[in-house]
Structure formats: structure tokens, C-alpha cells
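One-letter residues, chain by chain:
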Amino acid sequence: MALTGLEIYKQLPKKNCGECGTPTCLAFAMALASGKGSLDACPYVTDEAREALDSASAPPIKAIKFGNGSVMGDETVLFRHDKTFYHPTTLLIEIADTLSAEEVQAKLDEIKSLEFDRVGLHYTIDGVAVVDASGSPEQFAKAVAQVAAGTERSLLLLSNNADALQAALPGVADRKPLIGSATEANYEAVVNLAKEHNVPVIIKAEGLDALADLVEKAQKLGYKEFVLDPGARTPSQTLASLTHCRRLAIKKKFRPFGYPVIAFTSKAEPLAEITEASTYVAKYASAIVLKASAKAHILPLMALRQNLYTDPQKPIQVEPVLHTVGEVNENSPIYITTNFSLTYYSVEGEVEASKIPSYILPVDTDGTSVLTAYAAGKFEPEKIADVLAKSGVADKVNHRNLIIPGYVAVISGKLQEISGWKVIVGPRESSGIVSFTRAM
Amino acid sequence: MAVALVKERYQSKVGEVVIGATAAEGGTRTSVIKVGGDSTLPFLHFEGKVENRAAIAMEVTDVPPAWNDVVKSHFGDVINDPVAWAKKCVEEYNADMIYLKLIGANPEGENRSPEECAKVVKDVLAAVGVPLIVIGCEDPEKDNEVLAAVAEATSGENLLIGIAEQDNYKSITAAAMVHKHNLIARSPLDINICKQLNILISEMGLPLNRIVIDPMIGGLGYGIEYAYSIMERARLGSLANDKMLSMPMICTVGYEANRAKEANASAEEFPGWGDLNDRAILWEVLTATGLLQAGASILLMRNPEAVKLVQQNIADLMEMNA
Ligand code: B12
Ligand code: SF4
């Protein structure tokens with residue numbers, strides 16, 4: 001988070017000697033605040049001031065990276081409408097080391113299939129959490145090795161036993177797994193292990209007071225790649241803990257909680273578990289460990305995550321150019337829609353299902369839906385006619401028929417008049433497109 | 001080390017609305033539902049009072065609805081009989097309220113008369129003890145007639161009726177005032193229109209504690225994020241003492257969630273999406289639980305399996321936290 005010039009100035013030596021290249025300490029502070037120059041230019045800053053400025057200018061929640069491109073934390077707001085949420089909750093699916101090799105493989109196959117395409121977006125599950133349920137370091141290491149060999153996704157090695165982590169980690173350290181958990185009882189061994197292999201580590205304690213203490217102790221080991229687990233295991237307490245951590249990090253810059261927080265579900269039944277997890281996706285979990293792994297259960301959770309982590313300032317949009325579906329020819333129908341990705345892909349999916357090669361022309365409505373755009377004057381006949389003319393589609397087909405969304409039937413007359421094309425009013429919902437084409 | 005937690009002190013709280021009336025209060029309900037009243041963000045018991053549990057009203061229509069089979073299959077024959085259907089929702093699924101939609105009034109459909117509609121409402125009232133939410137067929141002119149008749153026929157029952165919108169609020173507001181019912185005020189995902197409408201309605205004389213906000217929502221995967229943020233802002237507004245935003249919010253969860261392709265397309269059609277039944281349930285559940293975190297007070301739902309899961313989510317989150 002950026003510091004103001006005045007906040008920086010307070011930490012400077014106030015000698016006004018000009019050796020930094022600016023005439024006064026205040027001018028230097030102002031320059032730093034606006035991102036120009038570096039603190040190193042002043043030969044007189046004290047180590048304390050440097051430390052204070054470094055930590056004050058660090059982001060409120062540290063970004064923690066692990067595995068195959070997983071990033072947690074680095075959030076700056078409590079409410080998405082204040083700016084946006086940046087790093088979607090990392091979803092990890094649990095595999096217990098007590099499963100047989102075949103069972104582990106079956107689970108890995110299922111996890112591998114957790115890739116979804118909907119409305120033009122591709123979702124994948126982030127990773128696998130191998131859980132020490134056996135209590136045997138050998139067995140844990142063996143399961144970790146099998147999982148690592150069987151998936152490309154990010155890994156979490158989860159055991160409270162430092163020996164188990166010690167046994168499993170070296171073989172997969174190049175995959176940069178997240179490991180955990182460091183507790184009051186084992187933290188020195190576990191944090192030092194993480195430090196040695198340069199992997200992030202979960203710090204777990206029962207309750208926030210104990211957690212803050214443990215983080216401070218762990219930091220004294222000279223390492224800061226942490227993820228927090230406040231130990232809550234009921235939905236209500238987990239919601240409270242996640243909220244406290246986020247608020248303290250953002251509103252108070254409370255350093256011990258300046259890390260991402262991981263949540264664990266308590267429900268065993270998959271639908272109940274996804275229901276529980278949805279609360280944590282909405283309220284501040286940077287990662288969640290799940291038992292559920294069926295497509296039908298994971299897709300809805302991923303959709304919620306995707307929605308809430310969309311930047312409120314920028315609706316997801318498609319390029320407002322002429323799109324084709326299938327092997328188009330001179331008879332292909334032409335559908336007019338908007339460039340709001342949700343709208344466009346709802347239409348594209350149905351046009352595809354109609355099995356008729358077609359053109360779709362999304363009008364640039366700043367990424368708004370049909371009626372929102374119409375109500376805001378961004379889907380006017382003049383504009384559509386203009387886009388149509390510029391698209392060059394007239395040269396590609398030997399007909400002059402346009403299909404418009406049923407919700408804007410009112411513009412058909414005017415559009416027909418201005419464009420010179422015959423305007424056909426389509427169904428209101430895109431789900432009607434297939435039967436509409438049959439009737440055409 | 002004792003960590004000094006951040007506990008917000010809000011100036012105000014969400015307004016409380018009471019729906020239904022017992023015999024002692026001039027109605028015939030065996031229980032009433034109170035919503036709103038919270039003095040904190042959703043379920044943060046540690047900093048304020050979560051006065052009332054969020055309520056679930058199950059949707060019942062006067063004529064059989066064009067819903068998908070995933071949802072319809074739960075109800076079997078009762079879907080042809082609003083009275084039996086409402087009873088099933090209350091007795092089997094523990095619905096807090098019934099959300100009765102009078103779609104039979106639609107001039108392009110069965111075009112039922114206001115009197116016929118009022119009778120259905122009376123019949124449902126006679127069959128169940130929980131409070132009722134009643135809306136029309138979403139044809140503004142017809143609804144004005146229908147709801148006037150319903151409001152009169154059920155005078156004293158303290159229903160929640162709707163829908164008042166910016167360009168059509170007067171006659172329904174008058175009906176709610178004269179016959180002492182609560183009113184749903186709907187605005188299209190817009191804080192300013194929402195406030196404006198509440199001002200217009202209250203200027204007509206309906207007290208603020210008789211209004212429930214329908215902020216309009218998008219379902220999961222189809223714009224829920226817009227509703228989420230509008231609702232979160234409205235909730236913060238009400239806590240900051242913005243009186244014209246301080247009413248409890250009602251969300252058309254079942255309707256929006258079940259419009260989604262993901263709640264309708266079979267696994268054969270979309271193998272990548274997995275089993276339809278569970279997917280459809282969760283589509284409705286996550287629309288509800290997501291919006292609960294943004295401040296929803298009344299969830300209008302359809303699928304009984306989804307209702308059960310959301311009831312559990314609410315019960316879990318009503319446990320105290322620190
Ligand atoms: C989310 C939303 C918003 C979001 C914008 C989201 C976005 N990126 O577009 C926000 C909050 C910003 C917004 C703002 C406004 N909105 Co608005 N909004 C909605 C809402 C709730 C959902 C819209 C949506 O995303 N639908 C989903 C998409 C996929 O639907 P769609 O684009 O229509 O596409 C479907 C069909 O049209 C069809 N289809 C699409 N293309 C084609 C093409 C062909 C050929 C065919 C056959 C079919 C077809 O397929 C799709 C799936 O079925 C609707 C109400 C509702 N529940 O529908 C109101 C609604 C659209 N909004 C409305 C209004 C008035 C506005 C505002 C002007 C006023 C306001 N509320 O402030 C502003 C305008 C803002 C601006 N200046 O740009 C009104 C429009 C009224 C009207 N009939 O003209 C609506 C209907 C609400 C209402 N009942 O009053 N809105
Ligand atoms: S070099 Fe340091 S002490 Fe000298 S003016 Fe610059 S900031 Fe101030």
C-alpha cells in the first residue's frame with residue numbers, strides 16, 4: 001500500500017543536505033511517494049527507518065505463490081465494490097494417504113477431469129492436498145510421490161508431523177508445494193524445513209491470539225512465506241476468523257496477519273460441503289481444502305468464485321468483430337447481439353447447437369447485456385446499422401436478413417429502415433434459438 | 001498476545017419488518033416472520049446483533065409453472081394444486097413462508113379474474129399457518145387489479161405483496177396501505193433507483209418498516225456479482241443510517257438460478273459439467289448462500305433439496321462466533 005509523502009518524511013533524517021539529489025528531505029519524500037527514485041539515494045537513513053518504510057510500503061497481505069502458478073493473498077480491499085478482489089480462492093482437493101494406490105489413481109483421474117468450459121471461460125481446479133491420515137511418514141511420502149507423478153497441478157502436503165513432511169518434501173521440492181502445518185509443537189522444524197526448500201508453509205494455531213504469537217515466533221526464524229490457519233472448523237467461527245484476519249491486515253496493517261488465510265471445511269457430505277465452502281469463497285478465504293471432487297459439485301463453486309473475483313469495473317467482454325460458428329457460407333444466418341461475454345456466449349452456445357453455420361455480430365455495448373445496453377442507449381438501430389455496414393458481412397452472404405434479440409423487438413422497424421436489411425425478431429431467450437431455426 | 005480485533009460500531013441497523021399476523025393481531029397465521037433488524041454485516045455476531053434469521057419462502061404458483069423437471073419432480077401431483085403444494089412446502093420442507101405467484105392472471109395465459117386470484121390466496125391461507133408473500137403475473141396493469149383484490153380479501157393478514165416498481169407503484173402501495181400489508185419495492189440493480197422508489201412509496205404514507213427491497217439479482221454464473229455488490233453497498237448504507245436503504249432485502253433465487261443453462265442442461269449434453277441433479281441443486285444453493293453473505297433477508301426458492309441445504313447454512317451461521 002502506498003505511503004504518503006508526509007509519512008515517508010517522518011522517517012527521514014531531516015538534514016536537508018541535498019545529497020540525494022533533491023534539495024530537501026521533504027522533496028525527496030514526495031518524490032518517493034510518487035514512485036520516483038529509491039530510498040538508497042539517501043546515505044543517512046537509519047536501518048530502523050528503512051525497516052519501517054519497507055514494511056509500511058509492503059502490501060497489506062503478502063502474495064504467496066506455490067506450485068503450478070497458484071497465487072494467494074495480495075488483496076487490498078474488504079469489499080469487491082471498493083476496487084476488486086484479485087486472486088481467486090485457490091481450491092485444493094484432498095487425497096488421504098490411507099487410500100490404496102488404485103484409489104489414489106482414481107481420485108487423480110477424477111481431479112484431472114475437473115476442467116470446465118462455460119460462457120467462454122475455462123476453469124481448472126488448482127491443486128491437490130495430500131493429507132497424512134496414516135500417521136506413517138513412509139506412507140505419506142509414498143502417497144505424495146504418487147500424487148506428484150500423477151498430476152501437474154499445485155500440491156499441498158498436509159501433516160502435523162515434521163517427520164512426515166521431512167520424508168515427503170525433498171522428493172517434490174522442485175514442484176514448490178505448499179506445506180503444513182507448522183504448529184506450536186513443531187514450528188521450528190517445519191518452518192526451517194520450508195525455509196531450506198524455499199516453499200511456503202501454513203502456520204496453524206487455535207484461535208487468533210495464539211496464531212499471532214506463533215507467526216511472530218516463526219518470523220524470528222528468518223522466514224516469511226506463510227499461509228495462516230486460525231484453526232476454526234465450524235462455518236460460523238471460520239467466517240469470523242477469516243473476517244478478522246482480513247480486516248486486521250487491511251484496516252490495521254497488523255503484520256502478523258499480513259498473509260493469505262486457508263480454510264478447511266467441516267462437512268463430509270459433498271453438497272453440504274460445497275454449500276459451506278461457498279461462504280468462504282465469498283468471505284476472504286485465499287485457499288480452501290475440499291473433499292468433494294465430482295464435476296457437478298465443483299463447477300458451481302468455481303462459477304461463484306469466478307463471479308465474485310470479476311473486476312466490477314470491467315465486465316468480461318468479447319471482441320466486437322464478426323464471429324463465425326461452423327463452416328459459414330453465403331446462406332449463413334446473421335445474429336446480432338452485444339459484446340457482453342455472458343450474452344455473447346449464451347447466444348453462441350445455442351447457435352452452435354442449431355448446427356447451422358452462422359455469423360454472430362456482437363455490437364460494442366461496453367460489455368453490457370441486451371436490455372441494459374438498450375436502456376442505456378448503447379444498442380440503438382443507428383449504431384447497429386453502422387456496425388453491420390462496417391463488418392463487411394454484406395459481401396459474405398447473398399441474403400439481407402438479420403436476426404435480432406427478441407427483447408429488442410421494438411427496434412426492428414427502425415433498424416430495417418436505416419440498414420436496408422430485413423430484420424427478423426428472434427426469440428427472447430437464447431434457449432429458443434434452436435427451435436427458432438427449425439421453424440425458419 | 002491478545003490481538004485487538006477490529007469491531008465496527010455502526011450508527012444504525014437494518015430495519016425490521018414483520019410479515020403475517022396471528023389471531024391476536026387480526027390475522028389467522030399460527031406464526032409470524034420477522035426479518036431484518038441486524039446491527040452488523042451478515043452473521044458477524046461478534047460485533048453486533050444478528051436479530052433475525054434469514055427466512056426462506058418457497059415458491060408456489062396458482063397454475064402449473066413451466067419449470068424444469070429437476071425441480072418439478074420433487075413435487076409430483078401437488079404442482080397442479082397450490083393448496084396441496086403450499087402444505088407440502090410447509091409440512092415436509094419447513095418453508096418459513098409461501099411465495100405465491102398468481103401467474104394464472106396473465107392476460108396472455110389463463111387470464112383469471114382478480115376475484116379468482118383472491119380466492120386462491122384465501123385457500124392457501126386457510127391451508128397453511130405460515131405468512132404469505134403474494135405477487136401477480138408481472139403484467140403491470142393486470143397486477144394492479146389483482147393485487148388490489150387480494151389485498152382487500154386478505155385484509156389484516158399482513159402479507160408481503162408486490163411488486164412496486166418505479167413506473168408502477170401507486171396503486172399497489174395504496175392497496176398495501178389501506179389493507180395493512182407489507183410491500184416489495186423492486187429496482188433494477190441500482191442503488192439510486194432503489195432509494196428513489198422507497199422515497200416515493202413512503203411519501204404516499206406507507207411506513208418504512210412495511211417495505212422490503214427487491215434489488216433484482218442475477219443468478220450464479222449470470223451476473224450474481226452485480227447483485228452481490230449492490231446488496232453489500234445497500235447493507236452498508238443501512239448500517240450507516242441511510243434510512244431509504246435500510247429495509248431488508250428479498251431475492252428471487254429460485255427464478256434466477258433455474259434460468260441458468262447449468263441448472264437445465266443434461267450431463268449427456270454437457271459431459272464436462274457432470275450430473276444435472278446435483279448441479280442444479282447447487283446452482284440454486286450457491287445463488288442463495290452467496291447473496292446471504294451480501295445481506296439477503298428473504299430467499300425465494302424452488303428446489304426442496306436446495307432449501308434444505310440453505311436452511312442448514314443459515315443455521316450454521318447463526319451460531320455465535322468470536
Ligand atoms: C445485471 C444488470 C445490470 C448491470 C449490467 C450488467 C451488464 N454487464 O450488462 C448493471 C448493474 C450495470 C445494470 C445497469 C443498468 N440497467 Co440493468 N439489468 C441487469 C439485469 C439484472 C441482468 C442483465 C443480464 O446480465 N442478463 C443476462 C444476459 C445474458 O441477458 P441478455 O443480454 O438479455 O441475453 C439473453 C437474451 O437477450 C438472448 N439474446 C442475446 N442476444 C441475442 C441475440 C439474438 C439474435 C437472440 C435471438 C437472442 C439473444 O440470449 C441471452 C440469454 O437468454 C437485468 C434484469 C434481468 N434480470 O434480466 C437489468 C435490466 C436489463 N437493466 C435495466 C436498466 C434500466 C438498467 C439501467 C439503464 C438503469 C439502472 N439500473 O441503472 C442501467 C444502465 C447502465 C449503463 N448506463 O450502462 C432494465 C432494462 C429495462 C428495459 N426493458 O429496457 C432491466 C431489464 C431491469 C428492469 N426490469 O428494469 N444492469
Ligand atoms: S540525502 Fe537524505 S538527509 Fe539529505 S536531503 Fe536527501 S533525504 Fe534528506
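Thresholds applied
- Residues numbered from 1 in each chain as written.
- Chains lettered and ligands numbered in written order.
- Predicted model: local features only at pLDDT ≥ 70, side-chain atom pairs only at ≥ 80, totals over all residues.
- Heavy atoms only, no water.
- Helix = DSSP H or I, 4+ residues; strand = E, 2+ residues; numbered from the N terminus.
- Rg over C-alpha atoms; globule rule 2.2 N^0.38 Å.
- Contact = heavy atoms within 4.5 Å.
- Areas by Shrake-Rupley, 256 points an atom, 1.4 Å probe, with all protein chains shown as cover.
- Lys, Arg positive; Asp, Glu negative; His and termini not counted.
- Charge placed at Lys NZ, Arg CZ, Asp CG, Glu CD.
- Buried < 20%, exposed > 50% of the residue type's maximum accessible area, 1.4 Å probe, protein only.
- UniProt positions renumbered as here; feature names shortened; annotations may be inferred.
- Near = heavy atom within 4 Å.
- Polar contact = N/O pair within 3.5 Å; in protein donor to acceptor, adjacent residues only side chain to side chain.
- Domains from an automatic or database assignment.
- Buried area = accessible area lost by both parts, 1.4 Å probe.
- Salt bridge = Lys/Arg side-chain N within 4 Å of Asp/Glu carboxyl O.
- Axes fitted to C-alpha atoms, helices over the stretch in contact; angles between N-to-C directions.
- Parallel < 35°, antiparallel > 145°, perpendicular 65-115°, else oblique.
- Left-handed = near helix turned anticlockwise from the far one by under 90°.
- Nonpolar A, V, L, I, M, F, W, Y, C, P; charged D, E, K, R; others polar.
- Phe/Tyr/Trp six-rings, centres within 6.5 Å; stacked < 30°, edge-to-face > 60°.
- Lys NZ or Arg CZ within 6 Å of the ring centre and 35° of its normal.
- Patch = residues over 30% accessible without salt bridge, like charges linked within 9 Å, V, L, I, M, F, W, Y side chains within 5 Å.

Colleague: Residue-level account of the overall build of chain B, with values.
Modeller: Helices and strands together make up the secondary structure of chain B, namely ten helices and ten strands. Taking 2.2 N^0.38 as the reference for a compact globule, 322 residues should give roughly 20 Å; the C-alpha atoms of chain B span a radius of gyration of 19 Å, in line with that estimate. For chain B, the spread of C-alpha atoms along the principal axes amounts to about 65 × 55 × 35 Å. A sequence separation of at least 24 residues applies to 70% of the contacts in chain B between residues at least 6 apart. When the accessible surface of chain B is split by element, carbon and sulfur atoms take 50% of a total near 11600 Å². Counting 28 positive and 44 negative side-chain charges, chain B places the centres of these two groups 6 Å from one another.

Colleague: An account of the overall build of chain A is requested, with residue identities and associated values reported.
Modeller: Within chain A, the regular secondary structure consists of 16 helices and 17 strands. The dimensions of chain A, computed from C-alpha atoms along their principal axes, are 75 × 70 × 35 Å. Looking at chain A residue by residue over its 440 residues, the buried ones come to 53%. In chain A, 65% of the contacts between residues at least 6 apart in sequence involve partners at least 24 apart. On chain A, roughly 18000 Å² of surface is accessible, and the fraction owed to carbon and sulfur atoms is 51%. Averaging the coordinates of the 44 positive side-chain charges in chain A and doing the same for the 51 negative ones gives two points 5 Å apart.

Colleague: Go over the UniProt feature "domain: CO dehydrogenase/acetyl-CoA synthase delta subunit TIM barrel" (unreviewed entry) in chain B, please, and point to the residues and values.
Modeller: Under the UniProt annotation, the feature "domain: CO dehydrogenase/acetyl-CoA synthase delta subunit TIM barrel" (unreviewed entry) is placed at residues 16–305 of chain B. A distance of 29 Å separates the end C-alpha atoms of residues 16–305 of chain B, which is 37% helix and 16% strand.

Colleague: Could you give an account of the site of ligand 1, with specific residues and numbers?
Modeller: In the region of ligand 1, 34 residues are neighbours, and A:Thr337, A:Thr343, A:Ser369, A:Glu429 and B:Asp190 sit closest. Residues close to ligand 1 are split across chains A and B. For ligand 1, an oxygen atom lies 3.1 Å from a polar atom in the side chain of A:Lys378. Between ligand 1 and the protein, one listed contact pairs an oxygen atom with a side-chain N or O atom of A:Glu429 at 2.7 Å. Secondary structure elements with two or more residues in the shell around ligand 1: strand S14 (334–338), helix H12 (341–353), helix H13 (370–375) and strand S16 (401–404) of chain A together with helix H8 (253–259) of chain B. Here the shell around ligand 1 gets five residues from one element, more than from any other, and that element is H13(A).

Colleague: Go over the environment of A:Gln306, please, and point to the residues and values.
Modeller: Residues and elements named next belong to chain A. With respect to the secondary-structure elements, glutamine 306 resides in helix H11 (residues 295–308). As a C-alpha pair, glutamine 306 and threonine 337 span 31 residues in sequence and 23 Å in three-dimensional space. Those residues in contact with glutamine 306 that lie beyond four places of it in its chain are Leu121, Tyr123 and Ile316.

Colleague: Provide a residue-level description of the domain arrangement of chain A, including the pertinent values.
Modeller: Interfaces are often sized by the amount of accessible area the parts lose when they come together. In terms of domain boundaries, chain A breaks down into domain 1 (5–56), domain 2 (64–308) and domain 3 (323–439). Taking only C-alpha atoms into account, the centre of domain 1 of chain A sits 59 Å from that of domain 3 of chain A.

Colleague: Now, about the interface of chain A and chain B: what can you tell me, with residues and values included?
Modeller: Chain A puts 55 residues into the contact, and the matching count from chain B is 54 residues. Buried area between chain A and chain B, summed over both chains or domains, comes out near 4500 Å², and the portion from carbon and sulfur atoms is 62%. Where chain A touches chain B, the interface holds seven salt bridges. Across the pair A:Glu350 and B:Lys261 runs a salt bridge, and its minimum N-O distance is 2.4 Å. Remark: the boundary between chain A and chain B carries 21 residue pairs in polar contact (both at pLDDT 80 or more).

Colleague: Can you lay out the packing of helix H10 (residues 270–282) of chain A against helix H10 (residues 304–317) of chain B for me, pointing to particular residues and giving the numbers?
Modeller: Between H10(A) and H10(B), whose axes approach to 10 Å, the crossing angle comes to 50°. What the angle tells us is that H10(A) and H10(B) run oblique. The two elements H10(A) and H10(B) meet at a crossing, and its hand is right-handed. Counted together, A:Leu271, A:Ala272, A:Thr275, A:Glu276 and A:Thr279 of H10(A) and B:Leu309, B:Asn313 and B:Leu317 of H10(B) form the full contact between these two elements. Residues of the contact of H10(A) with H10(B), tallied by class, amount to four nonpolar, three polar and one charged.

Colleague: Describe the pattern of salt bridges, with residues and values.
Modeller: Under the defined criterion, the tally for this structure stands at 33 salt bridges over all chains. A salt bridge links B:Arg235 to B:Asp38; its shortest N-O distance comes to 3.2 Å. Taken together, the residues B:Arg235 in helix H7 (residues 224–239) and B:Asp38 in the loop between strand S2 (33–36) and strand S3 (55–61) connect sequence positions 197 residues apart. On the basis of relative accessibility, which here comes to 4%, the residue B:Arg235 falls in the buried class. When the shortest N-O distance is used, the salt bridge between B:Arg112 and B:Glu110 registers 3.4 Å. Within this structure, A:Glu429, B:Glu256 and B:Arg259 form a network of salt bridges that share partners.

Colleague: Give a description of the packing of aromatic side chains that names residues and reports values.
Modeller: If you walk through the whole model with that rule in mind, you get nine aromatic pairs over all chains. With a centroid separation of 5.4 Å and an interplanar angle of 55°, the aromatic rings of B:Phe75 and B:Trp85 are classed as tilted. One end of the pair, B:Phe75, is in the loop between helix H1 (69–72) and helix H2 (82–91); the other, B:Trp85, is in helix H2, with ten residues separating them in the sequence. Of the two residues, B:Phe75 and B:Trp85, both sit in the buried class. Taken together, the ring pairs in this structure connect B:Trp67, B:Phe75, B:Trp85 and B:Tyr93 into an aromatic cluster. Over the ring of B:Tyr222 we find A:Arg118, and its NZ or CZ is 5.3 Å from the ring centre. Its end group placed over the ring of A:Phe85, A:Arg246 keeps NZ or CZ at 5.6 Å from the ring centre.

Colleague: Explain the site of ligand 2 to me, and be specific about the residues and the numbers.
Modeller: As a matter of local geometry, ligand 2 sits amid A:Pro13, A:Lys15, A:Asn16, A:Cys17, A:Gly18, A:Glu19, A:Cys20, A:Thr24, A:Cys25, A:Phe28, A:Cys42 and A:Pro43. In terms of residue class, the shell around ligand 2 is made up of seven nonpolar, three polar and two charged.

Colleague: Account for a nonpolar patch on the surface, naming residues and giving values.
Modeller: Residues and elements named next belong to chain A. Together, Leu6, Leu26 and Met30 give the surface a local cluster of nonpolar side chains, amounting to about 270 Å² of exposed area. With respect to the element layout, leucine 6 can be found in helix H1 (residues 5–11). Residue classification places leucine 6 among the exposed positions, given a relative accessible area of 52%.

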